[in-house]
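If you want the building blocks of each chain, they are given just below.
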Amino acid sequence: MSDYRLAFRSRVASVSGRREVLTGKAPFGIFGDGKEVAQLAMAKVFRPGDWRSGYYRDQTFMFATGMSDLSQFFAQLYTNTDIAADPSSAGRQMVSHFATRLLDAGGGWTRVGEAMQSAADLSPVGAHMPRSLGLAYASKLYRSDRALREAAPGFSTSGDEVTFATIGNAGTSEGLFWETMNAAGVLQIPLLVSVWDDGYGISVPNEYQTIKSSISAALAGFQREPGTTGFEIRVVKGWDYPSLVDTYADLTELVRREQVPALVHVTEMTQPQGHSTSGSHERYKTKERLAFETTGDPITRMRDWMVAEKIATAAELDAFADDDRKAVESARIAAWETYQAPIKAELDRAQGLIGRAQQESPEVRLADFVAELADPLEISRRVVQSAVRRAAYALRGRDGAAAGALRGFAKEYAARNDERYRSFLYSASPDSPLKVTPIAAEYSDRSESVDGRVVLLRNFDLNFARDPRLFVMGEDVGKLGDVNLVFEGLQAKYGERRFTDTGIREATILGQGIGTALRGLRPIVDIQYLDYLLYALELASDDLAPLHYRTAGGQKAPVIIRTKGHRLQGIWHTGSPMSVVLNALRGIYVAVPRNMVQAAGFYNTLFRGDNPAILIEVLNGYRLKERVPDNLGDFRLPLGVPETVRAGSDLTIVTYGALVRIALEAAETLAAMGVDAEIVDVQTLNPFDLKAAIAESLAKTNALLVVDEDVPGGASAFILREVLETQRGFEHLDAPPRTLTAAENRAAVGVDGDYFAKPNREQIVEAAYAIMRERRPRDFPDLRLG
Ligand SMILES: Cc1ncc(C[n+]2csc(CCOP(=O)(O)OP(=O)(O)O)c2C)c(N)n1
Ligand SMILES: [Mg+2]
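Anyway, here's the lowdown on the structure attached to this text. What you see is a predicted model, and the numbers here were worked out from it, not measured in a lab.

Things to note about the coordination of the magnesium ion (ligand 2)
- Protein coordination of the magnesium ion (ligand 2) is provided by N169 (OD1), D198 (OD) and Y200 (O), with donor distances spanning 2.0 to 2.1 Å.
- When the donor residues of the magnesium ion (ligand 2) are listed from N- to C-terminus, their spacing reads N-x28-D-x1-Y.
- Judged by its relative accessible area of 4%, D198 falls in the buried class.

As for unusual backbone geometry
- Across the junction of N686 and P687, the peptide omega takes the value 0 degrees, indicating a cis bond.
- Even without a glycine there, the phi angle at F424 is positive, about 70 degrees.
- Relative to the assigned elements, F424 resides in the loop between α16 (401-422) and β9 (449-451).
- Since its relative accessible area comes to 32%, F424 is described here as partly exposed.
- For D482, which is not a glycine, the phi torsion comes out positive at approximately 85 degrees.
- Residue placement: D482 occurs in the loop between β10 (470-474) and α18 (490-494).

Points about the site of ligand 1
- Close to ligand 1 lie 18 residues; Y55, Y56, R57, G171 and Y200 are nearest.
- Residue G171 places a main-chain N or O atom 2.8 Å away from an oxygen atom belonging to ligand 1.
- Burial of ligand 1 by the surrounding chains reaches 71%, relative to a free accessible area of 580 Å².
- In terms of residue class, the shell around ligand 1 is built from seven nonpolar, seven polar and four charged.

Details of the pattern of salt bridges
- This model, assessed by the stated rule, comprises 63 salt bridges.
- The shortest N-O distance in the salt bridge between R422 and D418 comes to 3.9 Å. Here the residue R422 and the residue D418 both occupy positions in helix α16, the gap between them amounting to four residues, near one helical turn.
- Since its relative accessible area comes to 63%, R422 is described here as exposed.
- The salt bridge involving D681 is made with R594; its shortest N-O contact spans 2.8 Å.

With respect to the sheet that holds strand β4 (residues 191-196)
- Strand order in this open sheet of six strands is β2-β1-β3-β4-β8-β7, and the pairing throughout is parallel. Two strands in the sheet have a free side with no partner beyond their single neighbour: β2 (117-118) and β7 (232-237).
- Contacting β1 (51-53), β3 (163-168) and β4, helix α5 (residues 129-144) crosses the sheet at an angle of about 165 degrees to β3.

Side note on the pairing of strand β21 (residues 704-707)
- Residues L704 and V706 line one face of β21 and the alternating positions L705 and V707 line the opposite face, and both faces are buried.
- Here β21 pairs with strand β22 (residues 738-740) via three bridges, running parallel. Residue pairing across strands places V707 opposite L740, the latter belonging to β22.
- Read from β21 through helix α26 (residues 715-726) to β22, the crossover connection turns out right-handed.

Reading the values: the criteria
- Residues numbered from 1 in each chain as written.
- Chains lettered and ligands numbered in written order.
- Predicted model: local features only at pLDDT ≥ 70, side-chain atom pairs only at ≥ 80, totals over all residues.
- Heavy atoms only, no water.
- Donors = N, O, S within 2.8 Å, 3.2 Å for Na, K, Ca; no water.
- Buried < 20%, exposed > 50% of the residue type's maximum accessible area, 1.4 Å probe, protein only.
- Helix = DSSP H or I, 4+ residues; strand = E, 2+ residues; numbered from the N terminus.
- Near = heavy atom within 4 Å.
- Polar contact = N/O pair within 3.5 Å; in protein donor to acceptor, adjacent residues only side chain to side chain.
- Areas by Shrake-Rupley, 256 points an atom, 1.4 Å probe, with all protein chains shown as cover.
- Nonpolar A, V, L, I, M, F, W, Y, C, P; charged D, E, K, R; others polar.
- Salt bridge = Lys/Arg side-chain N within 4 Å of Asp/Glu carboxyl O.
- Pairing = 2+ DSSP bridges.
- Contact = heavy atoms within 4.5 Å.
- Axes fitted to C-alpha atoms, helices over the stretch in contact; angles between N-to-C directions.
- Right-handed = clockwise from strand over helix to strand, strands pointing away.

All we've got here are geometric facts, nothing functional implied.
So, in structure tokens, the structure goes:
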């Protein structure tokens, strides 16, 4: 009875939510109507420590488990920015995009493993699947390793947790789904995937979506059989309450006990209100199908079954219906009032302040702004902020108390709205990598010189000995010990669980990282070449980078992506799509160390911090000799602090990564030509030079050359903006700034391809020389080379 009533209330909420959107009170609606009954069954087997990783149809499940409720649901529908009202996203995500709060107000972990959890939903279809893999994989790691459970207290009691993923039938057409399913079958992890099959993906039916029009038929080859691994697959109808309850009970027991992945294909689900509030299904569904939305309704069928089985009489159920409708309606009204009350108060306050300023300065025309706020087009903060600021423009140059009060409010209000709408992109917790205390590398007479790869190898070894939560996943990182042998011998020392070979599946390697990081582990996601990061880019951009932001500080996944790039051979092993990385991945820090000692120093910082980051090692640097710091493993380089690798007085060359060495060679040639170049290695592109050291260098040299591995207008444009605009570097320049970048085309294979596609020593010399010649033509005669 209580299940039925919960499903009923959930339905009323869907209907009510749609109405709120259609009457203009909420921006958008997408609801779980037609999917209720299966979710009741799934909720019954869901325990503290378990994870949901699902999509926007799951409100009934969220209500049934207590991870959400009607008031949070409506708060999110109305876009309430108060974390207490909408703990999933503080008004940042569309309705039905759920998340539990894993972090406390200071950004530290709560005892995540002791409560039911939901990873933060996202709108791109299927993009939550890869991290589901990691959530489930963490159970396997925790179960097999008691020391790990002790090293990450509060995250897992015994490794018995199950991850429940949900996805729509059409969502299974995405590559990310298939990649996840294959990997889950290979890994044999406690992942229970439910496909909510309503026959459609918006207007496109299953025959266009899925081979054999059925995901369970398509995946039949995944079914585990004696002697093989695989999935346990079940098909059950979305209205068949007793079968659903039995299926989830049996299957979850198996998944939990044996850590076997499972698929529940829930068929014959409905969409009584159509896909979402942005369209009407009458436009594309047949009459028969529209009729089925009523005749096949899972709640009606559950009710019929209850009456037939004499669990309740129709009259009893009708009597509850009234109460349940009222309960939903009063939750909605309360949520609407809670949403509106503070904004209305802000409107009133602003109106009062403008009114008083008007009295103080009757000659200024402020009446329009007062009128705007007295009868606003909408109850919104933009209305308030816009009116207040335009009133302040009209009051410019006036010193009265009321004008001052209005300006004070305008400033405060803007700052408060920045917090509401722009905060939490990066971790600000005590564990932020920006707060890790730097420790300089130390050298002595005993410091030996070794290949760069050995510096990294020893540094990883020391970190892995220090922190049992660290592990690395990727292609060839285990048995081989990385294609450049950076992990040589470490799998033998630390075991397969910590140096783990994976299939060629960059997106789900990253997903495995996101999921395990959410569960308190410290994954290093190894992407073999920077060029192949693009396979994982969508996920990095949509799931990882905005995770802390979209949960308003409720969740974090401190994944460290290790990759290598810039210089080797050919079209796919020399890539530096740095502008892609920078622009798609705000929220993720970007380190571009010039050598392996610097890389080690940044890893040492990032492993101790809680913000995701990507570190790009210089691909042709593994065989170059470097001196090993005596405090390897322990020294920590600060993020956002460039290093001047050559002091000079004539011009500043700003660069990073592999180009630092080439720029240093160029500086020697330049010195012989009478040019004393200062070379600044930016070291981390994000954060970028937090103390404006580059502007200081410009104050001395008055000239800027940015040398970049990326395409024209790529990362160099980013660097120019930072230096010229943010740091006001233009004030120091006495010649136009220049950028020297890679070509638009990628590098042909071979040493010549690299030389002619990427900045080389001679190009740097000539670009620097040209700047000098422009400033002092008499001292620097034309080279007459073109
Ligand atoms: C990557 C991506 N492409 C397109 C969309 C637009 N879109 C939103 S929902 C949807 C249909 C999803 O259908 P299904 O997975 O069956 O879930 P249902 O809504 O039917 O429950 C589409 C195409 C999206 N959100 N993400
Ligand atoms: Mg569907």
